[in-house]
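# A structural walkthrough
Residue-level listing of the chains:
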Amino acid sequence: MAKYSTGSGGGSSGDSCELCGTGDVKTQEVNVAGAQLEVCSDCAQHDDNATTSKNSGDDGESREKRAAQNTAKMHDAAKPDSSHWESGADYDDDQLPYLVSDYDDVVTDARQKAGYQLGELAAELDVDEGDLLALEQGRAIQANLGGSIVAAVEEFLDVELVESE
């Protein structure tokens, strides 16, 4: 039986692969990441002790190549997915500007002085009420608000929320 066996036997036909779980296959014992496992022929390629027709220098080169390929895949996966963006929106021009340190208080005070409830102001500006709430709670960056929302609030309430240069 294999060192980390999850099955009931070793090496005979009718076992299941301890790596991929395929059942009723002929298995063989291999070393995978230091563990002796009973695996199918498809998973046998992962045997750390397998001898290949390549030179030992080639194996190191192929490992480096695989590592570079995996790094490239991870880099590609980290790129933003624009498939959910609204069409026609210019996200580069709608970045959140640098806001004054007390922008949350400025917005709340100006809204209350103008006599608007949060929902009323959101309807008037045609923006999401949650976005205005985030602005009033000082969470503009965390809520990923666009600069157009800040500009609309500034213009409607006649306040300055963006730091002057």
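Anything mentioned here points back to the structure above.
This section reports on the structure supplied with the text.

Rules and cut-offs
Residues numbered from 1 in each chain as written. Predicted model: local features only at pLDDT ≥ 70, side-chain atom pairs only at ≥ 80, totals over all residues. Heavy atoms only, no water. Helix = DSSP H or I, 4+ residues; strand = E, 2+ residues; numbered from the N terminus. Buried < 20%, exposed > 50% of the residue type's maximum accessible area, 1.4 Å probe, protein only. Lys, Arg positive; Asp, Glu negative; His and termini not counted. Salt bridge = Lys/Arg side-chain N within 4 Å of Asp/Glu carboxyl O. Polar contact = N/O pair within 3.5 Å; in protein donor to acceptor, adjacent residues only side chain to side chain. Core = buried A, V, L, I, M, F, W, Y, C linked by side-chain atoms within 4.5 Å. Contact = heavy atoms within 4.5 Å.

## A word on the side chain of Glu 38
- Relative to the helices and strands, Glu 38 is located in strand β2 (residues 35-39).
- No salt bridge forms around the buried Glu 38; measuring N to O, its nearest opposite-charge neighbour Lys 26 is 10 Å away.
- Engagement of the side chain of Glu 38 in a polar contact is seen with the side chain of Thr 27, the distance being 3.2 Å.

## Description of the nonpolar core
- Tyr 103, Leu 132, Leu 135, Val 153 and Leu 161 are the most contacted members of the largest nonpolar core, which totals 20 residues.
- Elements represented by at least two residues in this core include exactly α2 (103-114), α3 (118-125), α4 (129-136) and α5 (147-157).
- Sequence-distant contacts of Leu 161, defined by excluding residues within four places in its chain, comprise Tyr 98, Leu 99, Val 100, Tyr 103, Val 106, Val 107, Leu 135, Val 150, Val 153 and Glu 154.
- Within the second largest apolar cluster, ten residues are counted, among which are Ala 35, Val 39, Cys 40 and Cys 43.

Shape is all these values report; function is a separate question.
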